[in-house]
Amino acid sequence: MRKSVRNSIVLIMTIAALWLASYGWHMMRVRSLTAECLRFEKTGSWARLVRSAREWMKMEPENREARQAGVMGGRALNDVRAVTEFLEGFPRELPDDVPWLSMLADVKFGPANFPLQGVQVCQDILQITPNHKESHRRLIYYFAMTQQLVLMQKQIEAAIENRCELPEAYVYGFLGPGLRLQNGSEVTRRWLTNDSDSELLEVARALHVAQSLAGAIPSVDEATAAMLRSQQKEREVAMGQLLEKYPRNLDLRAYLLNEAMETGQARRAGELLKESPSAADEDFRFWHVRGWIFSNLNEFEEAGRCFEKAIHLAPLDWRTRFHYAEMLRRSGKVEESTRLNSVSILGRAIEKELLQQPDTGSVPKEIYGRLAEYCQQCGSDRMAQRVTDYLRQSDMAKSP
Amino acid sequence: MAELLSRPLIKAFVRSRSFSDRLLFFVALLCLLSGCNQGGDPNPVELQRTEVKQETEPVVEVSSIFSDLGSSESSSEDMKNRTSPIVRGDISFKDVASQIGLSFRYDNGADGQQLMVEATGGGCGWIDFDRDGFEDLYFPQGGNAARSGEADQPSDQLFRNIAGAFFKDASLQAGVSDHTYGQGVTVGDYNNDGFDDIFVTNVGRNQLLQNQGDGSFIAVSESAGFFEELWSSSAAWGDIDLDGDLDLYVCNYCDYDPKNPMICRNSRGIDSICHPKDVVPVADECYRNLGDGIFQACAKELGLFGDGNRGLGVVIADFDNDHWPDIYVANDTTANFLFVNTHGQSFQDVASIVGCAVNSNGMAQASMGIACGDYDRNGMLDLYLTHFTNEWNTLYANLGEKGFYDRTAMTNLVVPTMSRLAFGTLMADFNQDGFMEIFVANGHINPQEADGDGYPMRPQLFSYNGSGWDDVGDGAGDYFRRRVVGRGVATGDFDADGRLDLCVVHHDTEIALLHNESTIGNWLQLRLIGTGSSRSAVGSRVHVTIENQEWMAELAGGTSYCSSMQGILSFGLPVAAEKCRVRIEWPSGSSTVLENVVLNQMMSIVEPASDAEPARSYVLQVGR
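The model shown is predicted, which means the values in this text are computed figures rather than measured ones.

Comments concerning the overall build of chain A
And step 1. Of the regular secondary structure elements, chain A holds 20 helices and zero strands.
And step 2. Since a compact globule built from 400 residues should have a radius of gyration of about 21 Å, the 28 Å found for chain A marks it as more spread out than a globular shape.
And step 3. Overall, chain A is about 100 × 60 × 60 Å in size when its C-alpha atoms are taken along their principal axes.
And step 4. A burial count over chain A gives 40% of its 400 residues as buried.
And step 5. For chain A, contacts bridging at least 24 residues in sequence account for 49% of all contacts bridging at least 6.

Below, the structure written as structure tokens:
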């Protein structure tokens, strides 16, 4: 008994001694690595800094300084992989972490080309700092690029709520389904290279390609025209196959619904609606098309309900208002129709002018002024106020 | 079978409560009723007719829901009344221009400079200038736009119709020698002397040619008050103030001088025809006829203006049935105008409010020509607008107080016109079966950058079947299989056989004179002579009634593109009938009723001095 007790004590003592020795060595090594990193940073020995920081990071994965040192070295070396390696496990807790996480998002959306991971980083940033302007901007851009219009609208609303939106958010928020990103096809193609099995990116790319092929076919030479015609045909087939593959994808279905509505294919629209997932109940595009179908059936009451719901979900969509006004006119509510129509005319005019701008940064203040007026008329008071504030601030910035 | 299948669905529909369920039932029922295996959209009138047949259908409530699916607000009773037991005859046209000595080729002067004016011109006007009862033809001519007006440039031409058998160039004898770069023409008796006059739109000064009554014309532009040198396109006569003489509306396009042309390049840096948006629009003008041979510009004073006005087509007609002529203007790339007439004192553009400014997607289209007629027989004038490639032509059904309704898609008209670039268009009953046809002249504006079906395109002919439009061009003769660069088109019965023929102007080839060789039903043609109204009686409305069916047509000013129709009203009527009732609403406000009018004749009717007096009518031609 005594022997076993003694043995146990010896064992504990040995373990403690070993632990103490190991801890001491660890602390010494950490101190040494810290010093090395400082020295390498001062001397600009970036490769050695990265090596030391990597070792330090392995010893202390939660240590922000080790990762920061590694990022510094990696950035100096222009080594994206190293930067990503150090930022990847960066703690996501404190406001001080945000600049580093933002850097990680930069890398994910940029050179690393992992946008889906970038989205997660941005969302983590917003958990820490809800008014982080850059993260909102990134997410709005990402949702626009991936054609997730409902999520885009929600992100814009969140940015506005936190009073940290950039002016381009007003443009994106207003344009909604009318938004066309000229580089959409190229960007989503690049994003797909690292996430080739992503439904989201596959659909987004298909939608961008479809939009780019939707225009006229120039027949400068018959071969080109024939090629474009064949591409359009292939695109139609591909979209059908994609819908079969992803029947629950709302954005794909909404695109096809809109296409059916624009070309007056009520039956096709009805079929697409019939098979839409329940999440479509929160998507204004589906309500808009429902309203349009009922309107064509002269089912004015039902149509009105659908249009109202669509407007409730997306107050700035002038197209819904246009169809609603048309329906009201046919149902004999001329005064109401005229009022609604005048709002939709303003919206249409603003959209037309916006689409003529080369980019969101070139939008003249005058258009923002009209946009504020339009938001007001649509009952979107907060957006109207924010656009007005932006105009006021930019005027103040201009004045001496 | 579909009807039988649909009954359980209808019952299920009644039982369903949520609107989404009802939507599903609607869709399913639509599928069944209109045939799921067929392309196209729900066929509203077919549904309606199905309903009419189902007289014993017990689900009355549902019947009423489906009674006017997608229709122009018509009750099923109305539609039943309008549905005539007419045998539909084949439609057939034959180009006889070369056979009967009619040779004219519009020269747009294209020589590689890519002048913007090369794209638009080329119209024709029917005019019986010698009053021999046979319609003659006037053609504005183009030429080298940079040298417009010079004596060596080709001039407009007037062809005299000799007894419907052949045409002879009468330009020299008639004193027609305008060398200005021509665009369009409109015909009307502006001085009420009984001889139709000609207004020619040009790139440069427009020309008013006064008919001397002796087979010749004199140019009276300056003395009449037409001084401006603009780029005008279509024009229309109409008595907008109802003072008994014809006023004039002239569409102007944009500020472009072909002698000092603006240079535009395409995305590849190659010289290209300018896009309309690159060029400043020029407002249309309206000229009030003062009655003494002088016209006074009055567009601004009357409120006849709007944003982005690049007018290419115009119709003067009563669109709101208030007996005052309104003006509809087709604008290129911007919203169209509907100027509603307030008792001749002023006009207000209500197109956006009533739903005929932009299409059903809310988009302004590149509008060119306009067809006008009551295709759905609801007593209101409908509109058909032609557009650029990828924009499809648009059919606006007039619902009266409920405005206009874009029924293009619902009546199967979207797909057939997507790849065409259309200019001239008109609505007429060519086979006289009581249903309208629409003719469309197609052709691109630029051979280097033609999209869609290319530079020359096939013309189109659509026939209304009571619920939708069928593309019947393929079976309507060789002309519809030819590819041409079509522009202006106008109807006229050149051989007075009771069938409306067509004259079509092309850019790349000789004009076509399409002799109507369709199998026809009964018909009635009316030439109206105003007394209290303008002599041309533009704006007159005629209602032809047989039992409980009624057809309405108005002698509208303008329509089509850069062209002028023969000034008659033509009706196709049921084969079983022998006589009809004719009611004429004259622009002056008086009306004339003729009972037991024999069919298959062309009549001339003179407006009585008062309602109490009987109208004088003359039979001009009888037989099929």
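Structural notes on the overall build of chain B
And step 1. The helix and strand tally for chain B stands at ten helices and 37 strands.
And step 2. By residue count, 59% of the 624 residues in chain B fall in the buried class.

Quick word on the sheet that holds strand 26 (residues 486-492) of chain B
All names here are of chain B.
And step 1. Across the sheet, which stays open at both edges, the four strands sit in the order 1-28-27-26 with antiparallel pairing between neighbours. The sheet is open, and its two edges are formed by strand 1 (93-95) and strand 26, each paired on a single side. Taking each pair of neighbouring strands and ignoring which way they run, the sheet shows an average axis angle of 25 degrees.

Things to note about the packing of helix 17 (residues 318-330) of chain A against helix 18 (residues 334-355) of chain A
All names here are of chain A.
And step 1. Where helix 17 contacts helix 18, the axes come no closer than 8 Å and their chain directions differ by 155 degrees. With respect to each other, helix 17 and helix 18 are oriented roughly antiparallel. Crossing geometry of helix 17 relative to helix 18 is assigned as left-handed. On helix 18, the residues that touch W318, R321, F322, Y324, A325, L328 and R329 of helix 17 are V334, E336, S337, L340, N341, V343, S344, G347, R348 and E351.
And step 2. Among the residues making up the contact of helix 17 with helix 18, the classes are represented as eight nonpolar, four polar and five charged.

A few points about the packing of helix 18 of chain A against helix 19 (residues 365-377) of chain A
Residue and element names in this part refer to chain A.
And step 1. Relative to each other, helix 18 and helix 19 sit at 150 degrees, their axes nearing to 10 Å. It follows from the interaxial angle that helix 18 and helix 19 lie roughly antiparallel. The crossing of helix 18 and helix 19 is left-handed. Touching V343, L346, G347, I350, E353 and L354 of helix 18 are I367, R370, L371, Y374 and Q377, all from helix 19.
And step 2. Looking at the contact of helix 18 with helix 19 residue by residue, the classes come out as seven nonpolar, two polar and two charged.

Structural notes on the sheet that holds strand 14 (residues 311-317) of chain B
All names here are of chain B.
And step 1. With antiparallel pairing, five strands are arranged side by side in an open sheet as 17-16-15-14-32. Looking along the sheet, the strands with just one partner apiece sit at the ends: strand 17 (346-349) and strand 32 (557-558).
And step 2. As judged from the four bridges shared by strand 16 (residues 337-342) and strand 17, these two strands associate in the antiparallel manner. Bridge pairing links F339 to D349 in strand 17.

Quick word on the environment of V289(A)
Residues and elements named next belong to chain A.
And step 1. The residue V289 is located in helix 15 (residues 284-296) in this model.
And step 2. A residue is classified by how many C-beta atoms lie within 10 Å of it, and V289, with 28 of them, is buried.
And step 3. Ignoring anything within four residues of it in the chain, the contact list for V289 reads L257, M261, A269 and L273.

Considering unusual backbone geometry
If a residue is not glycine, its phi is most likely negative; likewise, a peptide bond is most likely trans.
Residues and elements named next belong to chain A.
And step 1. Not every positive phi belongs to a glycine, and N113 is a case in point at roughly 60 degrees.
And step 2. You can see N113 is positioned in the loop between helix 5 (98-109) and helix 6 (115-128).
And step 3. Accessibility expressed as a C-beta count within 10 Å gives 17 for N113, which makes it partly exposed.
And step 4. Here the phi dihedral of R163 falls at roughly 55 degrees; this positive angle occurs in a residue that is not glycine.
And step 5. By the element assignment, R163 lies in the loop between helix 8 (149-161) and helix 9 (167-175).

Focus: helix 10 (residues 184-194) of chain A
Residues and elements named next belong to chain A.
And step 1. For helix 10, the complete set of buried residues consists of G184, V187, T188 and W191. Taken end-on, helix 10 shows its buried residues confined to a sector of 90 degrees, consistent with a single buried face.
And step 2. For helix 10, the secondary structure elements touched by its buried residues are helix 6, helix 7 (133-145) and helix 11 (199-213).

Some remarks on the environment of P99(A)
And step 1. Relative to the elements of secondary structure, P99(A) occurs in helix 5.
And step 2. Along the primary structure P99(A) and K233(A) are separated by 134 residues, whereas in three dimensions their C-alpha atoms are 47 Å apart.

What to know about the environment of A553(B)
Residues and elements named next belong to chain B.
And step 1. Looking at where A553 falls in the secondary structure, it is placed in strand 31 (residues 549-554).
And step 2. Residue A553 is classed as buried on the basis of its 23 C-beta neighbours within 10 Å.
And step 3. A553 sits 133 residues away from R420 along the chain, and the two C-alpha atoms are 28 Å apart.
And step 4. With near-sequence residues (within four places) excluded, A553 lies in contact with G373, D374, V542, L569 and F571.

Regarding the pairing of strand 30 (residues 541-546) of chain B
All names here are of chain B.
And step 1. Relative to strand 31, strand 30 runs antiparallel, the two sharing six bridges. Opposite I546, over in strand 31, you have Q549 as the bridge partner.
And step 2. Turn length for the strand 30-strand 31 hairpin, with the two strands adjacent in sequence and antiparallel, is two residues, and the turn residue E547 shows positive phi of about 55 degrees.
And step 3. When strand 30 meets strand 34 (residues 579-585), the two strands line up antiparallel, connected through five bridges. Considered in strand 34, the bridge of H543 is made with R583.

Observations concerning the nonpolar core
And step 1. Ranked by size, the top nonpolar core spans 168 residues in total, and within it V314(B) and Y328(B) carry the most contacts.
And step 2. Sequence-distant contacts of V314(B), defined by excluding residues within four places in its chain, comprise S234(B), A235(B), A236(B), Y249(B), C251(B), I327(B), Y328(B), V329(B) and G558(B).
And step 3. Core analysis: the second largest hydrophobic core is formed by 101 residues, V50(A), L272(A), C306(A) and Y374(A) among them.

Some remarks on the confidence of the model for chain B
And step 1. For chain B, the mean per-residue pLDDT works out to 86, and 85% of the residues sit at or above 70.
And step 2. The complex model carries a pTM of 0.82, and its ipTM stands at 0.76.

Points about the pairing of strand 17 of chain B
And step 1. Residues of strand 17 of chain B alternate between two faces, with F347(B) and D349(B) buried on one and S346(B) and Q348(B) left unburied on the opposite face.
And step 2. Remark: three residues form the turn of the hairpin made by strand 16 of chain B and strand 17 of chain B, two consecutive strands paired antiparallel; H343(B) in that turn has positive phi of roughly 50 degrees.

A short note on helix 3 (residues 64-77) of chain A
The α-helix winds at 3.6 residues per turn, so residues separated by three or four positions along the chain end up facing the same way.
All names here are of chain A.
And step 1. The end-to-end C-alpha separation of helix 3 is 20 Å, in line with the 20 Å expected for 14 residues at 1.5 Å each.
And step 2. Taken residue by residue, helix 3 has A66, R67, A69, G70, V71, G73 and G74 as its buried positions.
And step 3. Along its buried surface, helix 3 packs onto helix 1 (2-43), helix 2 (46-59), helix 4 (80-88) and helix 5.

What counts and what doesn't
- Residues numbered from 1 in each chain as written.
- Chains lettered and ligands numbered in written order.
- Predicted model: local features only at pLDDT ≥ 70, side-chain atom pairs only at ≥ 80, totals over all residues.
- Helix = DSSP H or I, 4+ residues; strand = E, 2+ residues; numbered from the N terminus.
- Rg over C-alpha atoms; globule rule 2.2 N^0.38 Å.
- Buried ≥ 20, exposed ≤ 12 C-beta atoms within 10 Å, placed from the backbone.
- Contact = placed C-beta atoms within 7 Å.
- Pairing = 2+ DSSP bridges.
- Axes fitted to C-alpha atoms, helices over the stretch in contact; angles between N-to-C directions.
- Parallel < 35°, antiparallel > 145°, perpendicular 65-115°, else oblique.
- Left-handed = near helix turned anticlockwise from the far one by under 90°.
- Nonpolar A, V, L, I, M, F, W, Y, C, P; charged D, E, K, R; others polar.
- Arc of directions from axis to C-beta.
- Core = buried A, V, L, I, M, F, W, Y, C linked by C-beta atoms within 7 Å.
- pLDDT = per-residue confidence, 0-100.
- Expected span 1.5 Å × (residues − 1).

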